[in-house]
Amino acid sequence: MTRSIWAWLRILGGAAIIAVLLWRLGTGAFLDGLRVISAPVLALAFVIGVVTTVFSAWRWCLVARGMGLKLRMPTAVADYYKALFLNAALPGGVLGDVDRAVQHGRDEGDVGRSVRAVVLERTAGQIVLLGVGVTVLLTVPSPVLTELHRHGATVAVIGGAVALAGALVFLACRRLRQGGSKLASGVRTTLSEIRTGLLARRNWPGITLASTVVLAGHLATFVVAARAAGSSASLIRLIPLMLLALLAMSLPVNVGGWGPREAVTAWAFGAAGLSATQGLTIAVVYGLFAFVAALPGAIVLVARAVARLRLAATARALQTVRTVAPVSPAPVMRSAVAPERELARTGA
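Since the model is a prediction, treat every value here as computed from it, not as a measurement.

Student: Explain the nonpolar core here, please?
Tutor: Generally speaking, nonpolar side chains in soluble globular proteins are found buried as a group. The biggest cluster of nonpolar side chains holds 32 residues, and the ones touching the most others in it are Leu215, Phe222, Met242, Leu246 and Ile282. For this core, the secondary-structure elements that each account for two or more residues are helix H3 (39–66), helix H6 (111–139), helix H10 (204–228), helix H11 (235–249), helix H12 (260–271) and helix H13 (276–293). Apart from the residues lying within four places of it in its own chain, the contact partners of Leu246 are Leu129, Leu215, His218, Leu219, Phe222 and Tyr286. Counting residues in hydrophobic clusters, the runner-up holds 20 residues, among them Ala57, Trp60, Leu62 and Ala117.

Structure, rendered in structure tokens:
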């Protein structure tokens, strides 16, 4: 019941953000996002999407194999495309990841471990995004850096509280590792899987490389969207704003990925002295690029559905044949000594 309420709150929150943007900025920015897209830029965004998807699938393979699961690269790419399409087409923005985790877990006979592998794979990407984002936002001039200078004391207090909470969680995990409860066993399992799936010497270089390439791909897609929307701002000015938008995309309040990204991009462009309307248009173009890049997932979805239907039809046909055509009795085999007895009887 609680999960259902939380899922609806996430969807309603994303819808409310979009409604506020429509109220404040009008529909022009959304419609402009459709007008400015051309075939060449769409093709470029699609190619970038192929690169990011392949490296994301490779990262998933590394984490899953490190945790003792089997996952072939072609299967991972197909499943990742399917997940991206479901994330973009369905409310919530995470149902595709849930689907690929559960499906892989069923194939491997361990749904729990497969779910944790997907969580760790996505976490690895978020850690790289967070590290790069915080570093850039704290060093490159941006609206965030301006706000930090203006409210330095408040930020320091919040940062100290977050650091303290992190230290308490770390100490609690260390203490739980030594216990014998079910929770302690879960903590030990999680920490062990983090070591083998993410931090193992054979894994972390590849995971870091894959996450870096994926982040670069997302930033490149944002740059293509900005240029398509008519922005002539320099990259040094755009990148902090785009990193802020990518960080906003990780917030669990959206409708198919839409909501926080558009709101934060509009605010960031307005606060940076650029047009908030143009920022919203860029976010809309990026969202359309992401949807088009995920369309191969629809092909995977349809192909697998057709394959399942054919398999079911074949199984029904075989069952019908077995039911209609009775099995003929096996012919009676004469004994190997029967010819000799017959010869003896006839005197031949």
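Student: I tried to follow the pattern of salt bridges on my own but got confused; where do I start?
Tutor: Opposite charge on two side chains permits them to pair, given that their charged atoms come into close proximity. Scanning the model with the defined rule gives nine salt bridges in all. Between Asp97 and Arg100 there is a salt bridge, with the nearest N and O atoms lying 3.0 Å from each other. You can see Asp97 and its partner Arg100 sitting in helix H5 (residues 95–108), three residues apart, about one turn around the helix. Per residue, the accessibility class of Asp97 equals that of Arg100, and both read buried. Of the charged contacts, one joins Glu121 and Arg100 as a salt bridge, the two residues approaching to 2.7 Å between their closest N and O atoms. Here the residue Glu121 occupies a position in helix H6, and Arg100 occupies one in helix H5, the gap between them amounting to 21 residues. On the basis of relative accessibility, which here comes to 0%, the residue Glu121 falls in the buried class.

Student: Would you mind going over a nonpolar patch on the surface with me for this structure?
Tutor: Among the surface-exposed residues, Phe46, Val47, Val50, Val51 and Val54 lie close enough to one another that they form a single nonpolar patch of about 340 Å² accessible area. Tracing the backbone shows Val51 in helix H3.

Student: Honestly, the packing of H12 against H13 in this entry has me stumped. Any pointers?
Tutor: Geometrically, a packed helix pair is captured by the angle between its two axes and the distance between the axes. One way to put it is that H12 packs onto H13 with a least axis distance of 7 Å and a crossing angle of 145 degrees. In this structure, the crossing between H12 and H13 has a hand that is right-handed. Only Ala276, Gly279, Leu280, Ile282, Ala283, Val284, Tyr286 and Gly287 of H13 make contact with H12, whose side of the interface consists of Arg261, Glu262, Thr265, Ala266, Phe269 and Gly270. In terms of residue class, the contact of H12 with H13 is made up of eight nonpolar, four polar and two charged.

Student: Just checking my understanding: could you explain H11 for this structure?
Tutor: Residues spaced three or four apart along an α-helix face the same direction, because each turn holds 3.6 residues. Helix length check: H11 (15 residues) gives 20 Å between terminal C-alpha atoms against 21 Å at 1.5 Å per residue, within 8%. Of all the residues in H11, the buried ones are Leu238, Pro240, Leu241, Met242, Leu243, Leu244, Ala245, Leu246, Leu247 and Ala248.

Student: Sorry if this is basic, but what is going on with the side chain of Thr52 here?
Tutor: Along the chain, Thr52 turns up in helix H3. Once residues within four sequence positions are removed from consideration, Thr52 is found in contact with Val213, Val214, Gly217 and His218.

Student: Before we go on, may I ask you to explain the side chain of Ser211 in this structure?
Tutor: Note that Ser211 resides in helix H10. Ser211 gets classed as buried once you look at its relative accessible area, which sits at 3%. There is a polar contact of 2.9 Å between the side chain of Ser211 and the backbone oxygen of Ile207. Among residues more than four places away in sequence, those in contact with Ser211 are Arg59, Ala124, Gly125 and Val128.

What counts and how
Residues numbered from 1 in each chain as written. Predicted model: local features only at pLDDT ≥ 70, side-chain atom pairs only at ≥ 80, totals over all residues. Heavy atoms only, no water. Core = buried A, V, L, I, M, F, W, Y, C linked by side-chain atoms within 4.5 Å. Buried < 20%, exposed > 50% of the residue type's maximum accessible area, 1.4 Å probe, protein only. Helix = DSSP H or I, 4+ residues; strand = E, 2+ residues; numbered from the N terminus. Contact = heavy atoms within 4.5 Å. Salt bridge = Lys/Arg side-chain N within 4 Å of Asp/Glu carboxyl O. Patch = residues over 30% accessible without salt bridge, like charges linked within 9 Å, V, L, I, M, F, W, Y side chains within 5 Å. Areas by Shrake-Rupley, 256 points an atom, 1.4 Å probe, with all protein chains shown as cover. Axes fitted to C-alpha atoms, helices over the stretch in contact; angles between N-to-C directions. Left-handed = near helix turned anticlockwise from the far one by under 90°. Nonpolar A, V, L, I, M, F, W, Y, C, P; charged D, E, K, R; others polar. Expected span 1.5 Å × (residues − 1). Polar contact = N/O pair within 3.5 Å; in protein donor to acceptor, adjacent residues only side chain to side chain.

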